[in-house]
Structures are given as structure tokens and as C-alpha cells.
Amino acid sequence: MPSRKSEHSVLGTRYSALGVSMKTRLPLGLRFATLGVLLFLHVPFLLIVLYAFNTEEAAFTFPPPALTTKWFAEAFQREDMREALSLSLRVAAIATVLALILGTLASLAMARSKFFGRDVISLLIILPIALPGIVTGIALRSSLKLLGLDFSYWTIVLGHATFCVVLVFNNAIARLRRTSGSLLEASMDLGATSFQTFRYVILPNLATALVAGGMLAFALSFDEVIVTTFTAGQQQTIPIWLLSQLTRPRDRPVTNVVAVFILLITLLPILISTYMTRNLDDLSRTGK
Amino acid sequence: MLRSVSTFFYQRKTLALLLLLAPALLWLGVIYLGSLFGLLLQSFFRLDDFTGQVVREFSLSSYRQLFTSANLAVIGRTVGMALVVTLASIIVAFPLAYSIAKTSSPTLRSILYLLVLMPLWSSYIVRVYAWKLILAKEGVFNWVVQQLGLEGVLNAFLALPAVGGPSLSISATGTFLVFLYIWLPYMVLPIAASLERIPKNLLEASSDLGGKPNLTFWRVIMPLTVPGIAAGSIFTFSLTLGDYIIPGIVGNSQPFIGQVVLIQQGTAGNIPLAAAFTVVPIVIMAVYLLVARRLGAFDAL
């Protein structure tokens, strides 16, 4: 008997050793393919950064003849760029606040209750990002025209808040579903009002999910160009400023610098959001 | 005071629910759905040929215009591109998704996820701009081709009808590459998620029963990733259908649905036709979503 047992455990370790080696070592071909796809996804970002230091003004010559940092100073002195940047930041801030309010309230209602029409409401919340942006854009524009409203700061916010709600909602509802219902019951049993339960039990649990959703909403709003084209009128947000440079290139060096700048501004919220959820399941579910 | 308010709502659950939902419902239901219905309504108006004014009476003339051969070509071109982009992104996404799902190191998995999420959330317009740099005549792509001595191959490819053009940045291939690049992360994430969900003992059972890796891949792994593929394709398909910026910046001058909508509602002032054109992606996506739901895409989102 003892010998059989040891034999079994030897076999066991051999199997598990095999198992480990099979798990850690992905096939060589697969690893190369993965690396290739990652390079495809990320090399364009490196090029954007490289070109911001390019001395060549008139063309996208590669490799750049020499490098300089002078365009950064020049870009920040551009009044039109600064105005566009300020408009984008102000729009994103208010759109995020609106999305946080609408998304959180809706998620509180939807997380634990089943009612008639519940699926319709989730569809309604997802619809603005499920339909192509151009549909949302032209729909909002044509109703603004029908109502005789002029384009303004608020018409841009209107469009952005519409498609940002879902980001907050998805993050919040995923967290609420994971929060144990017995916590809420305990709070109520101990005599807390609904408001106290929200303030002291639900909100602390929900906070990081709201920050994560809010950050994504901010990044999306800051960067949005398709819906904005239809609701901005003559105003220029920073992505629209960049788009105008793309179709009629005048100041390539300044455009290159602004591109890097936009990348950095959107990268920060993404990193914060990822850090706040860490369990990456939430993020992969949100969609854009 | 607060306590009595709290009790009041506790006893009236429906009212509390309604109050919580009201802001979002008012915003999305009135502003958003209202606008969509307004758009739908305007697609049944018509443009007066003489005055160029929109006539607000029921007419199917916009929809009749949709079926002229020029407009059908636009729709066909856009849907064709959406299909090709979707197929290509499934193939390109798979190895990366597979590595994410099958690596045994949690740190590596988090890093790989982050490397997919970063391009997904970072600026769309900057990423399109990057391809303008890459595909420019004096840019990186041609430089690499020259270093490898492959100009002949590139020129032969560009001479081909349909996919070719004067240069890559003015060709359907260029448009395709940028679409693929921009939407790829949307395909990687759901495929990786559905691969992660495959129980390992299914793969062991397949190999125990004598299935070679190849057979296991096609008969066990692939069928189980269909929901993920369907979920990812909702994004790649819908986003390609509605995009008007990429074909305008990198592409030949043949228009896509989005560009026609933009022109018709803007300079042409033909809102009814623009509205009828937007109904096309809505209908295609509605059908697509129905099929995707049957394939289990909504559980994989």
C-alpha cells in the first residue's frame, strides 16, 4: 500500500508539473501573433509622440530629420487651441456630473427590483451608444432645429450627457449587484432611514464604481467628435479643432503637439478608472 | 422629518422606484427618443424640387430616392466594408484574446487587458490622425516598404481595381486598415471574456478522447466563443456603419452612408433624405441585434 500511494503522488506531481508547463508556455507562434497585434495597436501612439518633436514643418517625413521641443511652447500660445481646450473641459465636466446623477439614480432603481418594462429601460439607456453616433447626432440636431433652439454650450452638453449615462449606469449596477442585500436589510433592521442606508452603506460601496464610471464618461465626452459635429454649430471643441486640422492641414507642428496633449488628457481618466475597479470585469463590460 | 419621508417612500416602493427612474427616463425618453421619432417622422417629409424647402406632408419620396442605383451603391459599399472589417477583426483579435484568456499569470493578464483598454478608450480622432502620419506618401509605411525593397509589391497591389488607388491613404485598403485598427479592441475584449469562461476540463476531455489540438480548436473552442464573437461584431459592425470621419480622411472619394447623411443634412439641406439614410443603419442593426441575441451575444457583453 505505501508504495502505491507514493507512486500515485509521483504521478500526481508529474501531471501537475505537466499541467503547469502547459499553462505557462503559450505556443511560440501564438506569442508572436499576440506581440504583432499589440504592436499594431500601440506603435501608432509612439509615432504620434515622436512627431510632436519633429523639426520638419511641412510634411510627415519619416524618419524625422531632427527633434525639437519648440512646438510645445508655440502650441500653448495659440488662442484658438486654448479656447477649444477650455470648451471641451467645461463640456466634459458638466456632462459627467449629469451622467453621474442620472446613471446613479437609475442604477439604484434597477439593481434590485424587477418590474414591467425593465428590459425596455435598460435598452433605452444603452441605445445612445448601440446606435451609430451619426444617428444620435442628426436626431438631436433636427429636433433642435424643429424647436428653433440655437446651438450653444448647452446643446453640446445635451448630446454628451445622453451617451455618457450608460457608462456610469453599467459600472454602478455591476457594483450594486455584487453588494450583498443582507447589508441593506441589516441597516434597515438597525433603524436607519433609506437616506442613512444610502449615505453610510450603499455609497461607500459604490464610490469607486462611480469614480470609474465618471472617469470613463469624462474621457468619452472630452474626445467625442461625431455627435458633437451636429450639436456644436460654429463652436470648436478640441477634437473638432483637430478634425478641422486633419481635413485642411495648416499648422502640422501645432497639430502634432495637440494630439499628444489629447492623448495624455484621456489617458489619465482611463488609468484612474482601471485602478478604481481593478477587477477588470466591469470595464470590459461597459463598451464605448 | 427625514425619517417620515423615508417611511413614506418605504411603504410606497413603486413611487420611490418611479422617482429614482424619472430623471433618466425624462432625459432619455423625452430628449433622446423624442429626437429619434422626430427624425423618423422627417424621413416621411419631402423636399420641394423648385423651392428647395422641406414640405411637411406624408411622402415616400425620400425612401424612393434611397433605391436609386447611386444610393444603393453607397449602402452596399458601407455594409460590405462593415462585413470585411468585422471578419478581419475576428481573425486579428483571436490570438491576443487567446493569450489573455489562457495565460496563467494574473499580472500578465491584467497588463494585456490594460493594453487593450488603453487604445479602446483613448482618443478616436488622435488615433485616426496617427494613420494619416503612417500612410502619408513620405510617411512610416512607405519608408518601411522601401527599407524592405518591396516597392514593386506595393505598386502592384495599388494597381489592383477596387482595393487599390493612387496611394494607400487614398484607397479602400487604407480605409479598411484604419477601421480595423480603430475597432479592434472592441472585438478582443468579448472574445477574451468568452474564452476565459470555457471550463478547462472540456479541453482535457477533448484531448483525452483523442482530439488533436486542431480538432479541439475548431470543434470545442470556436463554438463556445461564438457569443463573444457575436458581441464584438455588434460594435465593429455598428461603428463602421455609422462612421463618416475615417473614409473622409483616409480613403478614396467614394462616399459611405455617414458622409451622405452629413452632406444631405448640411450643405444640401435635404433633411428628409438624410433621415431616410439614417434609417438604413438602424434597420440593419435591429436585424443584426436580433440575430446576435439568438447567438447569445447579450450574455457575453
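All values reported here derive from a predicted model rather than from experimental measurement. (Residues numbered from 1 in each chain as written. Chains lettered and ligands numbered in written order. Predicted model: local features only at pLDDT ≥ 70, side-chain atom pairs only at ≥ 80, totals over all residues. Heavy atoms only, no water.)

K.L.:
Help me out: how do you make sense of the overall build of chain B in this one?
P.N.:
Broken down by element type, chain B carries 15 helices and 2 strands. Computed over C-alpha atoms, the radius of gyration of chain B comes to 25 Å, more than 25% over the 19 Å expected from 2.2 N^0.38 for 301 residues, which places it beyond the range of a compact globule. With the C-alpha coordinates of chain B rotated into their principal frame, the extents come out at 65 × 65 × 40 Å. Burial statistics for chain B: of 301 residues in total, 50% are counted as buried. Across chain B, every contact between residues at least 6 apart in sequence was considered, and the portion connecting residues at least 24 apart equals 68%. (Helix = DSSP H or I, 4+ residues; strand = E, 2+ residues; numbered from the N terminus. Rg over C-alpha atoms; globule rule 2.2 N^0.38 Å. Buried < 20%, exposed > 50% of the residue type's maximum accessible area, 1.4 Å probe, protein only. Contact = heavy atoms within 4.5 Å.)

K.L.:
In this structure, what is going on with the nonpolar core? I would like to understand it.
P.N.:
The tendency in soluble globular proteins is for nonpolar side chains to be buried as a group. Ile48 of chain A together with Leu96, Tyr124, Leu195, Ile245 and Phe277 of chain B are the most contacted members of the largest nonpolar core, which totals 169 residues. Counting residues per element, this core draws most heavily on helix 9 (residues 172-196) of chain B, which supplies 16 residues. Residues in contact with leucine 195 of chain B, not counting those within four places in the same chain, are Phe94, Ala97, Tyr98, Ala101, Lys102, Ile221 and Thr225 of chain B. Ala82, Ile234, Leu241 and Ala292 of chain B belong to the second largest nonpolar core, which has 9 residues in total. (Core = buried A, V, L, I, M, F, W, Y, C linked by side-chain atoms within 4.5 Å.)

K.L.:
Can you help me understand the interface of chain B and chain A in this one?
P.N.:
When the parts of a complex come together, some accessible area is lost, and that lost area is often used as the size of the interface. Taken together, the contact between chain B and chain A spans 81 residues of the former and 86 residues of the latter. The junction of chain B with chain A conceals about 8,100 Å² of combined surface from both sides, 80% of it contributed by carbon and sulfur atoms. Between the two partners, chain B and chain A, sit 0 salt bridges. Counting residues per element, the side of chain B that touches chain A draws most heavily on helix 2 (residues 13-42) of chain B, which supplies 16 residues. Considered class by class, the residues forming the side of chain B that touches chain A number 57 nonpolar, 16 polar and 8 charged. (Buried area = accessible area lost by both parts, 1.4 Å probe. Salt bridge = Lys/Arg side-chain N within 4 Å of Asp/Glu carboxyl O. Nonpolar A, V, L, I, M, F, W, Y, C, P; charged D, E, K, R; others polar.)

K.L.:
Help me understand the pattern of salt bridges, please; the structure alone is not making it clear to me.
P.N.:
It is possible for side chains of opposite charge to pair when their charged atoms get near one another. Residues and elements named next belong to chain A. Enumeration over the complete set of coordinates arrives at 3 salt bridges over all chains. Between glutamate 79 and arginine 82 there is a salt bridge, with its nearest N and O atoms 3.6 Å apart. On the criterion of helical spacing, the pair formed by glutamate 79 and arginine 82 is a turn pair, its members being 3 residues apart in helix 4 (residues 79-111). The exposure class of glutamate 79 is partly exposed, given its relative accessible area of 45%. We classify arginine 82 as partly exposed; its relative accessible area is 40%. Within the structure, one salt-bridge network assembled from shared partners comprises Arg78, Asp80 and Asp251.

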